[in-house]
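The chain contents come next:
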Amino acid sequence: MMGRMIALWLGMMLCTMKVSAQLHIVSRVVDVKTGEPLPFASIYINGDRNTITNEEGEFVIDADSTDVLRVTYVGYRKMMVPAMEVGDKICLSTEGYALGEVEVFGADYVIRKVLKRIKKEYKVHKWDQVNFFYRQTSRAGLTCTSFLEAFFTARPAIQLRKLSFAKGRFVTVAGELTVNPINYFTFAEVPISSVPIVSLSDELVPLDDNYQNYYHAECQTITDGDRKVFVVSFVPKKTGKSAIEARLYIDGETFQLLKYEGKGLKNAVRNEYRGGVHIVPIDYSFVVNCQLDHGFTEVQSVHFIVHYTDGGKYFETTGILYNVAERFVKGKHKMQFYDNILDVIREQDYDSEFWKKNEIVKRTPIEEEAINLFERDNLFGIY
């Protein structure tokens, strides 16, 4: 009798262990036909354990064995994958994908509906503030010159605003190459609308009541089998001033913004190189994904690439910023984006274990290589 009770108890313990088993999932999201990676795809488990894929389509996430991953990418069928069944890759399909001119609704109709929605949402949620994780890598030629991982607070309604630094680590090994490489994260505040949002720049943006004065707009529709999506393309009529050439992806039923991608035109940066300070033109591209997790359209992630040539030398900075909502304490240190991050980070204790445990978005091989080098040479925290 006692033996049976012990066996029953052991069986119950094993079942409990199986139910509560923790999984460390490392995988990749790709196109099922081409095998090409799908960067910045969304991986959802619940409100506490979400992430996105990196530039290589890779992601990392901790899950319970009973969890189910929901994987989404605009224009592709969403996938529901039990955590126990996730392999080295998750294949998404565009089956049912159709592309063609919108016959019933023209571009102006869609744009007006989107403007109406964002004005209403912004009025209610313009003060909402959440936390963002940010990672930035800068290079001069083949040399990694700086690396930044940090948490910011920001207002995410419609477009990113009021970035404020909370906690981070930063390293620079060739600071003389750029006058202020740490402030590239301001490129994450890519503007999309001037109404009702007051933009900090005079950049021409797609969503404006008078957009027809500045842009040619065309509208197409796609479907991923679950929903219809409008794709509105904006091409500036004049490029004499800073503008954005972009595509908006919009839910065909609710007119919610889903994705915003494009490139900046007539942008420039201030660069210090070989003893001189130069204003140099740049190539600047971005991808912004939106979400409706909190009942309004907010920025989920931003990825940008800035590159230019100065004095025959190639410079590049990439940044990824991801909405982690309320998952992390904001911290005591606050500052606006135009202040010097190094001064704030310098005052903080450096804890390598904290950053190892908070990868958030999987690092690319190049980022891993840079971190390993900086950690090996004990460069973090030395400025």
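Residues numbered from 1 in each chain as written. Predicted model: local features only at pLDDT ≥ 70, side-chain atom pairs only at ≥ 80, totals over all residues. Heavy atoms only, no water.

Here we look at the side chain of H303
- Looking at the element boundaries, H303 is found in strand β19 (residues 298-310).
- Contact partners of H303, with chain neighbours within four places excluded, come to F40, E55, S285, F286, V287, G319 and I320. (Helix = DSSP H or I, 4+ residues; strand = E, 2+ residues; numbered from the N terminus. Contact = heavy atoms within 4.5 Å.)

A closer look at helix α5 (residues 365-376)
- The terminal C-alpha atoms of α5, which comprises 12 residues, lie 16 Å apart, in line with the 16 Å expected from a rise of 1.5 Å per residue.
- All of the buried residues in α5 are E367, A370, I371 and F374. An end-on view of α5 places all buried positions within 95 degrees of arc, on one side of the element. When the buried face of α5 is taken as reference, the exposed residues oriented beyond 90 degrees from it are P365, E369 and R376. (Expected span 1.5 Å × (residues − 1). Buried < 20%, exposed > 50% of the residue type's maximum accessible area, 1.4 Å probe, protein only. Arc of directions from axis to C-beta.)

Re empty space enclosed by the protein
- Applying the stated rule across the entire model yields 3 cavities of 30 Å³ or more.
- Estimates place the volume of the largest cavity at around 70 Å³.
- Forming the walls of the largest cavity are F40, N54, E55, R135, H303, T318, G319, I320, V361, K362, T364 and E367.
- For the lining of the largest cavity, the element with the highest residue contribution is strand β20 (residues 313-325), accounting for 3 residues.
- Considered class by class, the residues forming the lining of the largest cavity number 3 nonpolar, 5 polar and 4 charged. (1 Å grid on protein atoms, 1.4 Å probe; cavity = no way out; pocket = protein on both sides within 12 Å on 5 of 7 lines; lining within 4 Å. Points joined across faces, edges and corners; volume = space filled by probe spheres on them. Nonpolar A, V, L, I, M, F, W, Y, C, P; charged D, E, K, R; others polar.)

Some thoughts on the environment of T221
- Inspection of the secondary structure assignment puts T221 in strand β12 (residues 215-223).
- Relative accessible area serves as the criterion here: at 18%, T221 is assigned to the buried category.
- Residues T221 and V232, spaced 11 residues apart in sequence, show a C-alpha to C-alpha distance of 8.5 Å.
- There is a polar contact of 3.4 Å between the side chain of T221 and the backbone oxygen of V229. (Polar contact = N/O pair within 3.5 Å; in protein donor to acceptor, adjacent residues only side chain to side chain.)

A short note on the sheet that holds strand β7 (residues 90-92)
- Ordered in space as β4-β1-β7, the 3 strands form an open sheet in which the pairing is mixed. Strands at the two margins of the open sheet, each flanked by one partner only, are β4 (58-64) and β7. Neighbouring strand axes in the sheet, compared pairwise and without regard to direction, differ in orientation by 35 degrees on average.
- By the bridge criterion, 3 bridges tie strand β1 (residues 22-31) to β7 in an arrangement that is parallel. Note that in β7 the partner of V29 across the bridge is I90. (Pairing = 2+ DSSP bridges. Axes fitted to C-alpha atoms, helices over the stretch in contact; angles between N-to-C directions.)

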